[in-house]
Amino acid sequence: MSIVISTWKHGYVANETAWKILSSGRKAIDAVEKGINVAELAPEVHTVGYGCYPDRDGTITLDASIMDDKGNCGAVTYLQNIKTPVSVARKVMEDSSHVMLSGEGALKFAIEQGFKEENLLTDFSKDSWEKWKSEKIDKPVDMHNHDTIGMLAIDNSGNLAGACSTGGMAFKQHGRIGDSPIIGAGLFVDNDIGAAAGTGYGEVIMKTVGSFAIVEQIRLGLSPQEACEKIIANTKTKIPNIDEMPVYYIALNKQGEIGACGTKKGFEYALYNNENGNRLIEANII
Ligand code: SD4
């Protein structure tokens, strides 16, 4: 019973690669890493990896994390000049004694591990920044300037894994780090129970430790859908101006049931399973 679920439209293409890996009998951890690489490497995906929107200073800084079925995890924050941060996060998990590396140290580690240092700014990245600077548009999150890829998978052996990768918010404060590399906030996997990943306004996801909260609700007996809805409902009561700071989650349990919910309309996720193939679905809002 393989399943892969991922956030936003770019998850659809990423799912195709993840599914091929799962279908060949490989592990969920390989599927989520390689699936997310597809979005990271695509210059037309402007919110993840190569070709991202830069920060206020015109610099692209990336966050990513990954978690396997043994409860191991790895993360990078404020990483520059590497196209595939989720793969660096996996190296942190597997080939270092740490969970998280940041900035210059993360870059140094990546280069030591054989990753190539490259300029991630495309013409689109530069032009959008020039435009933002000249117009002083200050819209940290809307449907066009954010969109982390989060991906959760279950493999043929019934093991779970999850990962996420993002450029954070377009034109963010230089040095800002979001929820995606924070285990428990942007991502959490417990192979006995389930997995969850967040997208949207990272500050809200961090304040509410959303992904961990969802997995804990699944542990207490809720379905992934009920768990996502419960945490979204809680978040709405805790964050007064939630309308300006939307958040969204996807979740998967050990039995292969999925859930998705957000505070605002327009959240699409991609689900690939045996019954229906790959589909882009609009999530419930509550
Ligand atoms: C962040 N959560 O850095 C990310 C951005 C995002 O959909 O997911 N947007 O806050």
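Residues numbered from 1 in each chain as written. Predicted model: local features only at pLDDT ≥ 70, side-chain atom pairs only at ≥ 80, totals over all residues. Heavy atoms only, no water.

Chemist: Tell me what's going on with the sheet that holds strand S3 (residues 73–79), and back it up with residues and numbers.
Modeler: The strands making up a sheet associate through hydrogen bonds between their backbones, and the pairing can be parallel or antiparallel. With mixed pairing, eight strands are arranged side by side in an open sheet as S4-S3-S2-S6-S5-S1-S11-S12. The sheet terminates laterally at strand S4 (100–102) and strand S12 (277–282), the two strands that pair on one side only. Neighbouring strand axes in the sheet, compared pairwise and without regard to direction, differ in orientation by 10 degrees on average. Strands strand S2 (62–67), S3, S4 and strand S6 (160–166) of the sheet are contacted by helix H3 (residues 85–95), whose axis makes an angle of about 130 degrees with S3. With respect to the sheet, helix H4 (residues 103–112) is in contact with S3 and S4, its orientation differing from that of S4 by roughly 105 degrees. (Pairing = 2+ DSSP bridges. Helix = DSSP H or I, 4+ residues; strand = E, 2+ residues; numbered from the N terminus. Axes fitted to C-alpha atoms, helices over the stretch in contact; angles between N-to-C directions. Contact = heavy atoms within 4.5 Å.)

Chemist: So, the environment of proline 54: which residues are in play, and what are the values?
Modeler: Note that proline 54 resides in the loop between helix H2 (28–41) and S2. When its relative accessible area of 1% is taken as the criterion, proline 54 is described as buried. The spacing of proline 54 and tryptophan 129 is 75 residues in sequence and 6.7 Å in space, taken between C-alpha atoms. With residues up to four places along the chain from it excluded, the contact list for proline 54 reads Thr59, Ile60, Leu121, Ser125, Ser128, Trp129, Ala170 and Phe171. (Buried < 20%, exposed > 50% of the residue type's maximum accessible area, 1.4 Å probe, protein only.)

Chemist: So what's going on with unusual backbone geometry? Residues and values would help.
Modeler: The backbone of tryptophan 8 sits at a positive phi, close to 65 degrees, despite the residue not being glycine. Along the polypeptide, tryptophan 8 turns up in the loop between strand S1 (3–7) and helix H1 (10–23). Positive phi, normally seen in glycine, also occurs at valine 209, with a value near 45 degrees. Within the fold, valine 209 resides in the loop between helix H6 (202–208) and helix H7 (210–219). A relative accessible area of 37% places valine 209 in the partly exposed class.

Chemist: Tell me about the sheet that holds strand S13 (residues 284–285), and name the residues and values.
Modeler: Taken in spatial order, the five strands of this open sheet run S7-S8-S9-S10-S13, and their pairing is mixed. On the outer flanks of this sheet lie strand S7 (187–190) and S13, each paired with one strand and no other. Where strand S8 (residues 194–200) lies against strand S9 (residues 247–253), seven bridges are found, and the strand directions are antiparallel. Across the sheet, the residue bridging to alanine 196 is alanine 251, located in S9. Against the sheet, helix H8 (residues 224–238) contacts S9, strand S10 (258–262) and S13, and its axis sits at roughly 20 degrees relative to S10.

Chemist: Before we move on, can you summarise the pairing of strand S11 (residues 268–273) with the specific residues and values?
Modeler: Counting buried positions along S11 gives five out of six residues, so the element sits mostly inside the fold. Examined bridge by bridge, S1 and S11 share five bridges and lie antiparallel to one another. The partner of threonine 7 across the bridge, within S11, is tyrosine 269. A loop of three residues connects S11 with S12, the two strands running antiparallel in sequence.

Chemist: I'd like a description of the packing of aromatic side chains, backed by residues and values.
Modeler: Taken as a whole and judged by the stated rule, the model has nine aromatic pairs. Ring geometry for tryptophan 8 against phenylalanine 267: centres 5.0 Å apart, planes inclined by 70 degrees, an arrangement best described as edge-to-face. Of this pair, tryptophan 8 sits in the loop between S1 and H1 while phenylalanine 267 sits in the loop between S10 and S11, placing them 259 residues apart in sequence. What makes tryptophan 8 buried here is its relative accessible area of 3%. Judged by its relative accessible area of 1%, phenylalanine 267 is buried. Pairing tryptophan 19 with tyrosine 272 gives two aromatic rings, centres 4.3 Å apart and planes at 5 degrees, and the pair type is stacked. Taken as a pair, tryptophan 19 in helix H1 and tyrosine 272 in strand S11 lie far apart in primary sequence, 253 residues in all. (Phe/Tyr/Trp six-rings, centres within 6.5 Å; stacked < 30°, edge-to-face > 60°.)

Chemist: Got a sec to walk through the side chain of aspartate 30? Specific residues and values, please.
Modeler: Within the element layout of this structure, aspartate 30 appears in helix H2. In this structure aspartate 30 comes out as buried when scored by relative accessible area, which is 14%. Apart from residues no more than four positions distant in its own chain, aspartate 30 is found in contact with Ile21 and Arg90.

Chemist: An account of the packing of H2 against H3 is needed here, citing residue identities and associated values.
Modeler: Helix-helix packing is described using two parameters, namely the angle between the two axes and the distance between the axes. Where H2 meets H3, the axes come as close as 8 Å, and the angle between the chain directions of the two elements is 150 degrees. On the basis of the axis angle, H2 is roughly antiparallel to H3. Across from Ile29, Asp30, Glu33, Ile36, Asn37 and Glu40 in H2, the residues of H3 making contact are Pro85, Val86, Ser87, Arg90 and Met93. Split into classes, the residues belonging to the contact of H2 with H3 amount to five nonpolar, two polar and four charged. (Parallel < 35°, antiparallel > 145°, perpendicular 65-115°, else oblique. Nonpolar A, V, L, I, M, F, W, Y, C, P; charged D, E, K, R; others polar.)

Chemist: Tell me what's going on with the nonpolar core, and back it up with residues and numbers.
Modeler: With 45 residues, the main nonpolar core has Leu152, Ile214, Tyr249, Ile250, Phe267 and Tyr269 as its most contacted residues. Among the elements that line this core, the one with the most residues is S9, at six residues. Formed by 37 residues, the second largest nonpolar core is a distinct cluster that contains Leu22, Ala28, Met93 and Leu107. (Core = buried A, V, L, I, M, F, W, Y, C linked by side-chain atoms within 4.5 Å.)

Any functional reading would require information that these geometric values do not contain.
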